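Take a look at the letters that make up each chain.
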Amino acid sequence: MGESAAARRTGLLHRMLLVRRLEQRLLRAVPAGDEAVAVGLLSVLGPQDAVVSAGERPWHAVGAAALLFGADVINAPGPAEAVAAARRKARAGDRRIVAVCIPGADLDRASFVSPAYAGLPVLFCRGEHLAGSGRSPVVSVLSVDSGDVEAIAGAAAAEVGELRTGAGPCLLGLRAAAADVDPVELLAARMRTDHQLDDNALRAIDRAAAARAGEFLARLGAG
């Protein structure tokens with residue numbers, strides 16, 4: 001029997017709070033809002049897959065999530081280096097999926113939408129919606145709100161499904177969320193509406209997340 005909608009949402013909520021509490025402990029001052037991208041992506045990737053990050057906000061949450069969930073994450077100094085690292089990783093891997101996270105405005109489209117990537121299982125996650133041209137090897141373009149973890153997970157799952165069949169690369173556009181949107185509160189509000197969560201349960205999940213983050217950092221000697 002498959003996972004229920006309530007259980008799936010609870011898992012996403014718990015993971016976002018884990019990432020948030022870990023970021024707060026590691027970086028001390030982190031604005032809310034990046035956890036949806038990290039958790040949405042990592043929720044659909046397997047242990048054999050990889051994430052390449054440009055190493056800057058909003059992608060620092062991916063690194064925090066990788067520490068917690070044991071994902072294979074490569075940090076690159078900039079967007080161009082991240083794209084190159086993703087290409088190398090994809091060519092080396094037996095159809096492993098490589099998700100590469102790059103900012104929206106800092107990289108020329110031709111750097112990654114090119115025949116050099118045709119057939120590679122690469123999921124480009126870009127900080128804006130970007131449509132492929134008629135000559136582009138990009139076979140799927142979706143654009144979702146970067147503050148909506150369910151939308152990110154759903155879109156990423158659809159594109160990863162295509163990549164696992166041999167299509168690729170794919171492109172996921174991440175539209176900037178409104179400044180006042182908190183992805184944790186957005187998901188929690190939906191769960192309250194559907195009678196899947198109340199304030200006591202949310203506080204309990206948050207306490208458990210904070211405790212696990214603290215225990216994890218204590219084992220690393222970084223707390």
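Conventions adopted
- Residues numbered from 1 in each chain as written.
- Predicted model: local features only at pLDDT ≥ 70, side-chain atom pairs only at ≥ 80, totals over all residues.
- Heavy atoms only, no water.
- Core = buried A, V, L, I, M, F, W, Y, C linked by side-chain atoms within 4.5 Å.
- Buried < 20%, exposed > 50% of the residue type's maximum accessible area, 1.4 Å probe, protein only.
- Axes fitted to C-alpha atoms, helices over the stretch in contact; angles between N-to-C directions.
- Helix = DSSP H or I, 4+ residues; strand = E, 2+ residues; numbered from the N terminus.
- Left-handed = near helix turned anticlockwise from the far one by under 90°.
- Contact = heavy atoms within 4.5 Å.
- Nonpolar A, V, L, I, M, F, W, Y, C, P; charged D, E, K, R; others polar.
- pLDDT = per-residue confidence, 0-100.
- Expected span 1.5 Å × (residues − 1).
- Polar contact = N/O pair within 3.5 Å; in protein donor to acceptor, adjacent residues only side chain to side chain.
- Arc of directions from axis to C-beta.

Asks: What is the right way to look at the nonpolar core in this model?
Replies: Grouped burial of nonpolar side chains is what soluble globular proteins tend to show. Counting 46 residues, the largest nonpolar core has Leu13, Leu123 and Leu172 as its most contacted members. Grouped together as the second largest cluster of nonpolar side chains are 16 residues, Ala54, Ala86, Val122 and Leu171 included.

Asks: In this structure, what is going on with the packing of helix 2 (residues 35-42) against helix 5 (residues 149-164)? I would like to understand it.
Replies: The axes of two packed helices give the description: the angle between them and the distance between them. Packing of helix 2 against helix 5 leaves a shortest axis separation of 8 Å and a crossing angle of 35°. Considering how the two elements wind past one another, helix 2 and helix 5 form a crossing that is right-handed. Contacts between helix 2 and helix 5 involve Ala36, Val37, Val39, Gly40 and Leu41 from the first element and Val149, Ile152, Ala153 and Ala156 from the second. Residue composition of the contact of helix 2 with helix 5, grouped by class: eight nonpolar, one polar and no charged.

Asks: I would appreciate a short explanation of the confidence of the model for the chain in the present structure.
Replies: Parts of the model with low pLDDT should not have their predicted coordinates read in detail. Looking at the chain as a whole, its pLDDT mean stands at 80, while 78% of the residues score no less than 70. Model confidence for the chain, summarised as mean pLDDT per element, is weakest for helix 3 (residues 60-69) at 72 and strongest for helix 6 (residues 183-193) at 96. Here residues 129-135 is modelled with pLDDT under 50, and outside its nearest four sequence neighbours on either side it reaches twelve contacts, counting other chains as well.

Asks: So what exactly am I meant to see when it comes to helix 7 (residues 199-220) here?
Replies: For an α-helix, 3.6 residues make a turn, and residues three or four places apart therefore share a direction. The end-to-end C-alpha distance of helix 7 is 32 Å, a good match for the 32 Å that 22 residues give at a rise of 1.5 Å each. Put simply, Asp198 is the residue that caps the front of helix 7, since its side-chain oxygen is 3.2 Å from the backbone nitrogen of Asn200. Remark: Gly221 follows helix 7 within two positions and exhibits a positive phi of approximately 75°.

Asks: What exactly am I supposed to notice about helix 4 (residues 79-92) here?
Replies: Between its terminal C-alpha atoms helix 4 stretches 20 Å, which fits the 20 Å expected from 14 residues at 1.5 Å a residue. Residues of helix 4 that are buried include every one of Pro79, Ala82, Val83, Ala85, Ala86 and Ala90, and no others. Along helix 4, the residues classed as buried sweep out an arc of 165° about the axis, all on the same side. In this structure, helix 4 carries Arg88, Arg91 and Ala92 as exposed residues pointing more than 90 degrees from its buried face.

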